[in-house]
Amino acid sequence: MTRALITGVEIGLGTQLLGATHGAACRDVSSEEKSRLAAYVVKKYQAPEQAKLRVEEVQPIDDLCNRKLVFAGDGALGSFRLTLYASPDLRFLSRELFDTYTDPERERREAAQKAMGELLEGEYAARGPASAPVTMVVFSDFECPYCKKLKELIDAEPLLKSGDKVRLVFRHMPMSQHRWAQQAAEAAACAEFQGAEVFWAFHNLVFDNQGSIKPADASGQISALAEGVPGLDMRSFRACLKQDMSLGVVVRDREMGRRLGVVATPAVFLNGIQVPAIRNSRELHEYIYGALKESLRGAAQ
């Protein structure tokens, strides 16, 4: 029996392929093979020509010479990476590599823990106790209408309003197609430097006035909104924006989201697991309640 099985986009690996190179050193992948693989992936996923997709990394992952291939390209959020797995002869590609000798539940827990470690790196705006059994991380864009809708659902969610069940963490993810989202993100990050309460007040004001902000005068309108935030030091706020002091925070969050597979906003992670798009209050409640039950069950074991 072989230890690893490739399944997913293309299925068809026989044991003769998996075992052909067992015990032998894995050969290098030539530049011609990399070009062929990149051309196939472009056609398979209908990637635009301007993405300039290429094989950036090749890594053997076992003694059978199954390989992890990391493709890199240029997209709407900047550079992106796509990981696929290849059979030893480079014929078959898959989105996932399953090792049937491992416990899937343990793998999921370990993946979620790893994601949570990254999601909580560095400084960020949060509300709710750090000891809450559920941590909800939201990647958001102030110009995105769906992000505004999610903000309204969050404000009305009983499990978030209870105060001790859920910790809410905000991460900046301004999308390139939005004309003033980047300015709003940098302004919000400057408010964040002055404290969590200041950030959330600014966050609420921008979302509440989303429809009235015009690209031609977004900076002026955003600054005018900031003047209505209790406790915000406008002198420090303006200096922060003028000196681009918050740009690094926004770039860091956007890159974090990209690494974790965020391709659109809003994106929600509950205890390290990304959930599907939330359409209404019922779905939001069910996802949070499910994460809460899972957390409490794990704590009891």
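Residues numbered from 1 in each chain as written. Predicted model: local features only at pLDDT ≥ 70, side-chain atom pairs only at ≥ 80, totals over all residues. Heavy atoms only, no water.

Draft legend 1. Examining the overall build of the protein more closely. Each helix and strand counted, the protein has eleven helices and eleven strands in total. Reported as C-alpha extents along the three principal axes, the dimensions of the protein are approximately 70 × 50 × 30 Å. When contacts within the protein are restricted to residue pairs at least 6 apart in sequence, long-range pairs at least 24 apart make up 69% of them. Surface exposure of the protein reaches about 16100 Å², of which carbon and sulfur atoms provide 52%. Here the protein holds 38 positive side-chain charges and 39 negative ones, and the gap between their average locations is 2 Å. (Helix = DSSP H or I, 4+ residues; strand = E, 2+ residues; numbered from the N terminus. Contact = heavy atoms within 4.5 Å. Areas by Shrake-Rupley, 256 points an atom, 1.4 Å probe, with all protein chains shown as cover. Lys, Arg positive; Asp, Glu negative; His and termini not counted. Charge placed at Lys NZ, Arg CZ, Asp CG, Glu CD.)

Draft legend 2. Local environment of the pairing of strand β8 (residues 134–140). Of all seven residues in β8, seven are buried, a share of seventy percent or more. By the alternation rule, side chains of β8 split into Val-134, Met-136, Val-138 and Ser-140 and Thr-135, Val-137 and Phe-139, which are all buried. As defined by bridge partners, β8 adjoins strand β9 (residues 166–172) across seven bridges and the pair is classed as parallel. In the sheet register, Met-136 faces β9, and the bridge partner there is Leu-168. (Buried < 20%, exposed > 50% of the residue type's maximum accessible area, 1.4 Å probe, protein only. Pairing = 2+ DSSP bridges.)

Draft legend 3. Local environment of the sheet that holds strand β11 (residues 273–274). The mixed open sheet is built from five strands, whose spatial order is β7-β9-β8-β10-β11. If you trace the sheet from one side to the other, it starts and ends with β7 (125–127) and β11, each paired once. Here β8 runs beside strand β10 (residues 267–270); their pairing, made up of four bridges, is antiparallel. Within β10, the position partnered with Met-136 by the bridge is Leu-270. Set on the sheet, helix α3 (residues 104–119) makes contact with β8, β9, β10 and β11; between it and β8 the angle comes to about 60°. (Axes fitted to C-alpha atoms, helices over the stretch in contact; angles between N-to-C directions.)

Draft legend 4. The arrangement of the side chain of Arg-167 in detail. Secondary-structure assignment places Arg-167 in strand β9. In this structure Arg-167 is buried but unpaired, with Glu-123 as the nearest side chain of opposite charge at 8.6 Å. A polar atom in the side chain of Arg-167 sits 3.2 Å from the side chain of Tyr-124. Setting aside chain neighbours within four positions, we find Arg-167 in contact with Tyr-124, Ala-126, Arg-127, Gly-128, Pro-129, Ala-130, Ala-132, Val-134, Thr-135 and Met-136. (Salt bridge = Lys/Arg side-chain N within 4 Å of Asp/Glu carboxyl O. Polar contact = N/O pair within 3.5 Å; in protein donor to acceptor, adjacent residues only side chain to side chain.)

Draft legend 5. Spatial organisation of helix α2 (residues 31–44). Its 14 residues place the ends of α2 20 Å apart at the C-alpha level, agreeing with the 20 Å of an ideal helix rising 1.5 Å per residue. Buried within α2 are the following residues: Glu-33, Leu-37, Ala-38 and Val-41. Down the axis of α2, the smallest arc covering the buried residues is 135°, so these residues share one side. Among the exposed residues of α2, those pointing more than 90 degrees away from its buried face are Ser-31, Glu-32 and Lys-43. One or two steps after α2, the chain reaches Gln-46, where phi turns positive at roughly 50°. (Expected span 1.5 Å × (residues − 1). Arc of directions from axis to C-beta.)

Draft legend 6. Layout of the layout of surface pockets. Size it by volume and the largest pocket reaches roughly 2100 Å³. Counting only elements with at least two residues in the lining of the largest pocket, the list comes to β3 (67–75), β4 (78–86), β6 (96–99), α3, α10 (247–259) and β11. Of the residues forming the lining of the largest pocket, the biggest block, eight residues, is contributed by α3. (1 Å grid on protein atoms, 1.4 Å probe; cavity = no way out; pocket = protein on both sides within 12 Å on 5 of 7 lines; lining within 4 Å. Points joined across faces, edges and corners; volume = space filled by probe spheres on them.)

Draft legend 7. Local environment of the packing of helix α6 (residues 181–192) against helix α7 (residues 196–208). Closest axis-to-axis distance for the α6/α7 pair is 7 Å, and the angle between their directions is 150°. Our classification of the angle between α6 and α7 gives roughly antiparallel. Counted together, Ala-184, Ala-187, Ala-188, Ala-191 and Glu-192 of α6 and Val-198, Phe-199 and Phe-202 of α7 form the full contact between these two elements. Along the lines of polarity and charge, the residues of the contact of α6 with α7 split into seven nonpolar, no polar and one charged. (Parallel < 35°, antiparallel > 145°, perpendicular 65-115°, else oblique. Nonpolar A, V, L, I, M, F, W, Y, C, P; charged D, E, K, R; others polar.)

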